[in-house]
Amino acid sequence: YIHTGAKDVVIEGTRVANARKTGLQIYGQTVGATIGPVRVSRCIFEYCQAGLTISNYPGGASRATDIMIEECDFVNSTGGSSVQIRHGDGIRFERNLIRGNAGAIGLMLGHWATWEAGWGVLTGLVARDNVIDSVAYGIYPLASNGGRFVSSVVSGNRITNSPRPYWGEPIPGLEIIP
């Protein structure tokens, strides 16, 4: 759990298994505060409800900034999505493996609830060169309830054994390059 005010966090070569909720959560509730930089590399998250969640409450709270998630494995998640990225500035999600959440979403971007109207903003998100395998929805971005994407790119991801590799409509501020 990486919370409000955390700076210069580095997690390397760690295995998290069987977490009842999220294997790694970057989250905070302090309006005007930030979290970051954070670097997570070469980690394994397996049999967790979700492998990674980046979120906040309320909308102006604890902006995740300068976050790098690289070369990690998110395997056999048991919940609705293996990875959820819901807010932040300069988040990079690169060269990761998501595998084996057959009933749900591999990489969820956005998805703001009605009670979060106008809160969600993902700025400068880059999700590239990931492998996503054996999930119902490979990558599912949604700018719901006034949430938005700004200068964000999803590119070069390889999605296999998924009935819906990319799900959703075109979203302003989010470029998807298969």
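(A) Broad picture of the overall build of the chain. Counting secondary structure elements, the chain contains zero helices and 20 strands. In terms of overall size, the chain behaves like a compact globule, its C-alpha atoms giving a radius of gyration of 15 Å where 178 residues would be expected to give roughly 16 Å. Referenced to the eigenvectors of the C-alpha coordinate spread, the extents of the chain come out at roughly 40 × 35 × 25 Å. For the chain, buried positions account for 51% of its 178 residues. Residue pairs at least 24 apart in sequence account for 80% of intrachain contacts in the chain once pairs closer than 6 positions are excluded. Of the roughly 7700 Å² of accessible surface on the chain, a fraction of 51% belongs to carbon and sulfur atoms. Within the chain, the 14 negative side-chain charges are centred at a point lying 4 Å from the centre of the 15 positive side-chain charges.

(B) Region of interest: the side chain of Asn101. Among the secondary structure elements, Asn101 is positioned in strand β12 (residues 97-110). Only 3.1 Å separates the side chain of Asn101 from the backbone oxygen of Gly79, close enough to count as a polar contact. Apart from the residues lying within four places of it in its own chain, the contact partners of Asn101 are Ser77, Gly79, Gly80, Ser81, Ser82, Ser134, Val135 and Ala136.

(C) A look at the packing of aromatic side chains. Applying the stated criterion to the full structure yields nine aromatic pairs. By the ring-pair criterion, three or more aromatic residues cluster together here, those being Phe45, Phe74 and Phe93.

(D) Geometry of the nonpolar core. By size, the foremost hydrophobic cluster in this structure holds 35 residues, and its most contacted members are Phe74, Ile85, Phe93 and Leu107. Of all elements in the fold, only β3 (22-28), β5 (38-41), β7 (50-56), β8 (63-70), β10 (81-85), β11 (88-94), β12 and β15 (131-142) reach the threshold of two or more residues within this core. Ile85 has contacts with Ile54, Ile91, Phe93, Leu107, Met108, Leu109, Gly110, Leu122 and Leu125, leaving out every residue within four places of it along the chain.

The rules we used
- Residues numbered from 1 in each chain as written.
- Predicted model: local features only at pLDDT ≥ 70, side-chain atom pairs only at ≥ 80, totals over all residues.
- Heavy atoms only, no water.
- Helix = DSSP H or I, 4+ residues; strand = E, 2+ residues; numbered from the N terminus.
- Rg over C-alpha atoms; globule rule 2.2 N^0.38 Å.
- Buried < 20%, exposed > 50% of the residue type's maximum accessible area, 1.4 Å probe, protein only.
- Contact = heavy atoms within 4.5 Å.
- Areas by Shrake-Rupley, 256 points an atom, 1.4 Å probe, with all protein chains shown as cover.
- Lys, Arg positive; Asp, Glu negative; His and termini not counted.
- Charge placed at Lys NZ, Arg CZ, Asp CG, Glu CD.
- Polar contact = N/O pair within 3.5 Å; in protein donor to acceptor, adjacent residues only side chain to side chain.
- Phe/Tyr/Trp six-rings, centres within 6.5 Å; stacked < 30°, edge-to-face > 60°.
- Core = buried A, V, L, I, M, F, W, Y, C linked by side-chain atoms within 4.5 Å.

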